[in-house]
Amino acid sequence: MSTFYIENFGCRATQADAAGIERQLLSRGFAVAADAARADVVVVNTCTVTAAADAQARGAIRETARRNPGGQILVTGCYAQRAPEELAALPGVAWVVGNSHQSEIPRLASELAERSSAKGRDNSSIVPLAALGGVELQDSLFGEGLRRKILTSDIFEMREFAASPIKGGEGGHTRPTLKIQDGCDNRCAYCVIPYVRGGSRSLPSDQVVREVSRLVSLGAEEIVLSGINLGSYGRDLSPRTGFSEILRRILAETDLPRLRISSIEPMDVTQDLIGLFAASDRIARHFHIPLQSGSDRVLAAMHRRYRAEHFARRVELIRELMPDAAIGADVIAGFPGETSVDHRGTMELIESLPLTYLHVFSFSVRPGTAAAHLPGEVPAETIRERARELRALGERKKSGFARAQAGKWNRVLTLRSSKEVQERRYTRAISTNYLDLRVAGWWPANQWLDVRIESFDGARLTAIPSN
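What counts and how
- Residues numbered from 1 in each chain as written.
- Predicted model: local features only at pLDDT ≥ 70, side-chain atom pairs only at ≥ 80, totals over all residues.
- Heavy atoms only, no water.
- Pairing = 2+ DSSP bridges.
- Helix = DSSP H or I, 4+ residues; strand = E, 2+ residues; numbered from the N terminus.
- Axes fitted to C-alpha atoms, helices over the stretch in contact; angles between N-to-C directions.
- Buried < 20%, exposed > 50% of the residue type's maximum accessible area, 1.4 Å probe, protein only.
- Right-handed = clockwise from strand over helix to strand, strands pointing away.
- Contact = heavy atoms within 4.5 Å.
- Parallel < 35°, antiparallel > 145°, perpendicular 65-115°, else oblique.
- Nonpolar A, V, L, I, M, F, W, Y, C, P; charged D, E, K, R; others polar.
- Left-handed = near helix turned anticlockwise from the far one by under 90°.
- Phe/Tyr/Trp six-rings, centres within 6.5 Å; stacked < 30°, edge-to-face > 60°.
- Lys NZ or Arg CZ within 6 Å of the ring centre and 35° of its normal.

Let's talk about the sheet that holds strand E10 (residues 222–226)
The strand order E7-E10-E11 describes an open sheet built from three strands, whose pairing is parallel. In the strand order of this sheet, the two ends are held by strand E7 (177–179) and strand E11 (258–261), each with one partner. In this sheet, neighbouring strand axes are inclined to one another by 30° on average, regardless of whether the strands run parallel or antiparallel. Taken together, the four bridges between E10 and E11 define a ladder with parallel strand orientation. Bridging from a neighbouring strand, Ile-223 pairs with Leu-259 of E11.

Observations regarding the pairing of strand E4 (residues 72–77)
Burial within E4 is extensive, with six of its six residues counted as buried. Burial of E4 is two-sided: the residues Gln-72, Leu-74 and Thr-76 facing one way and the residues Ile-73, Val-75 and Gly-77 facing the other way are all buried. Direction of pairing for strand E3 (residues 41–46) relative to E4: parallel, over a ladder of six bridges. Bridge pairing in E4 places Val-41 opposite Gln-72. Considered for its hand, the β-α-β crossover made up of E3, helix H2 (residues 51–67) and E4 is right-handed.

Observations concerning unusual backbone geometry
Following Ser-238, the chain continues into Pro-239 via a peptide bond in cis, with omega recorded as 5°. Note that Pro-239 resides in the loop between E10 and helix H9 (243–253). A positive phi is found at His-303, a non-glycine position, where the angle reads about 65°. Turning to its location among the elements, His-303 is positioned in the loop between helix H11 (296–301) and helix H12 (308–321). With relative accessibility at 43%, the residue His-303 sits in the partly exposed group. One non-glycine residue, Asn-446, lies in positive phi territory at about 70°. We classify Asn-446 as buried; its relative accessible area is 14%.

Thoughts on the environment of Ile-228
For Ile-228, the position within the fold is in the loop between E10 and H9. By relative accessible area, Ile-228 is classed as partly exposed at 24%. C-alpha separation for the pair Ile-228 and Ile-180, spaced 48 residues apart in sequence, amounts to 9.3 Å. When residues no more than four places from it in sequence are discounted, the contact partners of Ile-228 are Cys-11, Ala-13, Gln-181, Asp-182, Gly-183, Cys-184, Ile-193 and Arg-197.

Section: the sheet that holds strand E17 (residues 436–440)
Backbone-to-backbone hydrogen bonds join strands into a sheet, with any given pair of strands oriented parallel or antiparallel. Strand order in this closed barrel of five strands is E15-E16-E17-E19-E18, and the pairing throughout is mixed. Across the sheet, the mean angle from the axis of one strand to that of its neighbour is 50°, orientation sign disregarded. Alignment of strand E16 (residues 426–431) against E17, held across five bridges, turns out to be antiparallel. Directly across from Arg-428, in E17, lies its bridge partner Arg-438.

Some words on the packing of helix H13 (residues 340–352) against helix H14 (residues 380–404)
Running from amino to carboxyl end, H13 crosses H14 at an angle of 5°, the nearest separation of the two axes being 11 Å. Considered as vectors, H13 and H14 are oriented roughly parallel to each other. Contacts from Ser-340, His-343, Arg-344, Thr-346, Met-347, Ile-350 and Glu-351 in H13 reach Arg-386, Glu-389, Leu-390, Leu-393, Arg-396 and Lys-397 in H14. A class-by-class count of the residues in the contact of H13 with H14 yields four nonpolar, three polar and six charged.

What to know about the pairing of strand E13 (residues 326–333)
Regular strands place their side chains on alternate faces of the sheet. Among the eight residues of E13, eight are classified as buried, and the element is accordingly described as predominantly covered. In E13, alternate side chains face the same way, and those of Ala-326, Gly-328, Asp-330 and Ile-332 on one face and Ile-327, Ala-329, Val-331 and Ala-333 on the other are all buried. Note that strand E12 (residues 286–288) and E13 share three bridges and pair parallel. The partner of Phe-287 across the bridge, within E13, is Ile-327. Pairing analysis gives six bridges linking E13 to strand E14 (residues 357–362), with the strands arranged parallel. Across the sheet, the residue bridging to Gly-328 is Tyr-357, located in E14. Assessed by its sense of winding, the connection that carries the chain from E13 through H13 to E14 is right-handed.

Examining the packing of helix H10 (residues 271–279) against H12
Where H10 meets H12, the closest approach of the two axes is 10 Å, and the angle between their N-to-C directions is 25°. One way to sum up the angle between H10 and H12 is to call them roughly parallel. For the pair H10 and H12, the crossing hand works out as right-handed. Two secondary-structure elements touch here, H10 through Gln-271, Ile-274 and Ala-278 and H12 through Arg-314, Leu-317, Ile-318 and Leu-321.

Things to note about the packing of aromatic side chains
Counted under the stated rule, the structure contains five aromatic pairs. Across from the ring centre of Tyr-195, 5.5 Å away, lies the NZ or CZ of Arg-187, which sits over that ring.

Right under this line is the structure:
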C-alpha cells in the first residue's frame, strides 16, 4: 500500500484544502505515513502571505528531500500558485500544482507512487498531458525540464469550490474547521492572497448546513467556520445571501452545540452580527478583526475600506454587549511610508481598546502587489523594533484579560492532551471566549465542562470543574 504525508503551512483555509487532499488520497487507497521521511509521496501545502512563509516552505522541501531521497515531493498551495518555477527548481520536487488544479493531486500522487516503486527517483517519465485531461502547463522561464513539472493556470478562472473539515475533524475529534468561502474581491495593497486564491466564491448554504450536520453526527461539539474573506460569504450566490443568514440557518437547522468563526473584516462586523452573537449562547464569544494599522493615513495607503474610528466603534460595541468576549486583531508593522507618528498612533489606539490579543506581522514585500512599488521603505531594523513593541503590547493585553477571568465560571470544551499533560493530571480545554485553560483532573477529549477559573500564573490559566 502506498503512503503519503502532508506537510501543511498557513491559515485555516489552507488546512481545509489539505484535509480535502487527504480525504481524496485515502479514498484512492493511500495510507497516512508517520512522517515525511517514511512516505512514498509527500505533499507540501504552502503559504505565501510573507517572505518568511516562502522561506519556511523551501526549507521544508529541502529537508524532506534530504531525509527521504526515495520519496516523491508534490508541492501545492498559495506559493505554488504564485511562483511555481521557484519551487520546481528545488531538488527532489516532482510536481508543482497550483491552487487552480488541486483536484488533479490524487491522480498525480497515484502515478508518482507507482513511479517511485518502479523507478525510484527517475522523473524522466513525466506523465503526458493527455493523461491529465488536456490541461495546459504554464510556460516556464527555466526551460522544458521544469515546465513539464508545473501544473497551474489563471486562478481567476477557477469556479470550483471544495470544502472539507481540517485533519482531525472526523470521528469525534474536537473543533473541526469548515471552509465555507474562498478567494477575495478586495485588493489590499500589501496582500497577494487574491492573486493566488482568486475571486470570492461561497459554498452553497444548503451544503453548508448538510456539512455541519454531518460533522455533528460524527461527534463534533464545536465547528469553526473559515474563509479567506468570511464576511463576504453568500454575495456570489443566487439568490444572494449574507453571512448572518447562514449563521442563523446553522443555529436553526442543526444541533451543533457551539459555532465559532475565524477572522472577519471590520466592515462586516455589523450591529446585526454583533447582536446575533450576543443573543445566542451557541456562538462563541470570540471575534478576530484585522486592524492592520491605527493610522488613517496608512489605512488609506493600504486600500483598507475603514478608518480607525470605525474599527474602534465596532470593538466597543462588542465589549458593551459581551463584556467577556475575546477580541483579537491583526496588525502590520512597517508598511511603506509608516512614520514613527503612525506607529505611535497604532500603539495608542490598541492600548485604548479592549482587545484581548494581537497577531503581529512584519511588513514583507509581496511580488505583484501595489505595496511592492510604494516609496518610503521602512528600514528592516525599524520594522523589527516596531513589531517587538506591538507584540509586547499584545502580551500585556492577553495577560490582563486572562487575569480578569479569575473567579468566573465558564463552559469549556476539553481538547486532546499530550502524554506530558496527562501525567501532570490536568486537561487542556478551550472556553467560549478563546481562553486556553488547564482543568484539574484527567478528562476525555470533546467533553463539555463547567469550570471555575482559579488563577493565572503569567503563562497558564487553571480551572476547577464543578462536576
